[in-house]
Amino acid sequence: MIRIKDAAKCSGCMTCMMVCPQGAIAKAEGPGGAIYPVVDKGKCVDCGRCERVCPFLSGYLKTKPHGCIVGFTKEENIRSLCTAGGIFAALAASILAQSGAVYGAAYGQGFVCSHICVEEVGDLHKILGKKYADSQAAELFMNLKERLLNDQKVLFSGTPCQIAALRNYLGGTHRNLLCVQVNCSGVVTSGVWQAYLAYEGTPEQIELVNRIQGENKAGIRFVYDEEKQRCEVRSE
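Conventions we followed
Residues numbered from 1 in each chain as written. Predicted model: local features only at pLDDT ≥ 70, side-chain atom pairs only at ≥ 80, totals over all residues. Heavy atoms only, no water. Helix = DSSP H or I, 4+ residues; strand = E, 2+ residues; numbered from the N terminus. Rg over C-alpha atoms; globule rule 2.2 N^0.38 Å. Buried < 20%, exposed > 50% of the residue type's maximum accessible area, 1.4 Å probe, protein only. Contact = heavy atoms within 4.5 Å. Areas by Shrake-Rupley, 256 points an atom, 1.4 Å probe, with all protein chains shown as cover. Lys, Arg positive; Asp, Glu negative; His and termini not counted. Charge placed at Lys NZ, Arg CZ, Asp CG, Glu CD. Patch = residues over 30% accessible without salt bridge, like charges linked within 9 Å, V, L, I, M, F, W, Y side chains within 5 Å. Salt bridge = Lys/Arg side-chain N within 4 Å of Asp/Glu carboxyl O.

## Quick look at the overall build of the protein
Counting secondary structure elements, the protein contains eight helices and nine strands. For a compact globule of 236 residues, the expected C-alpha radius of gyration is about 18 Å, and the protein comes in at 19 Å, within 12% of that figure. Across its three principal axes, the protein shows a C-alpha extent of roughly 60 × 45 × 30 Å. Counting every position in the protein, which comprises 236 residues, the buried fraction comes to 39%. Of the contacts made within the protein by residues no fewer than 6 positions apart, 52% connect residues no fewer than 24 positions apart. Here the protein has roughly 14200 Å² of accessible surface; of this, 51% comes from carbon and sulfur atoms. Taking the average place of the 26 positive charges on the side chains of the protein and the average place of its 23 negative ones, the gap between the two points comes to 11 Å.

In structure tokens:
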């Protein structure tokens, strides 16, 4: 049974909820909008499936790097939409060209962040660029697994915790699965993100700012209308 004794040891991935055969685990929201699981002890049969998929309780696949390759896409129009040189976009385009599927974080209505599945190159822009809030991905794990079982190529982009949870959910190794890990030093909860937007005023558009577009620093631009914009830059 999942027991959250230390909030710092729960990423809120909710993979435990997705694998519970009794429907005994529900999603709850804590301070600041942090997501965590709550177990209905009356329904729980202590099968242990929730603990086996939890990255913090059961661990995760650890591998040694074979080497390091640095690169970027030569397509500046694509690179300008990306955070780190556009390598993810290039990999995603390759997967889609092979009739595969790509999973990544996208903004929805009100800039609520969640994972979506992209199957067309024309929709790839939705999951490019850094997102500034946590994204629920586990609800798509079943769909992703079905694609792998049907021998379809799949690319999944997420935080280290999300990728660890996905690998625990799937079990074993899958030759058609490619995971792209986001460099993560902590994720802003959806509650904090929405509170920030509400305080500053919800923008019409959120854009990445980078040197390709002639900026001196990288960051994020909030566009409210043609006359009002606000730019937040990250320190070097």
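## Some details on a nonpolar patch on the surface
Taken together, the side chains of Ile4, Tyr36 and Val38 make up a nonpolar region of the molecular surface, amounting to roughly 220 Å² of accessible area. By relative accessible area, which is 36% here, isoleucine 4 ends up partly exposed.

Purely spatial values, then, with no claim about function.
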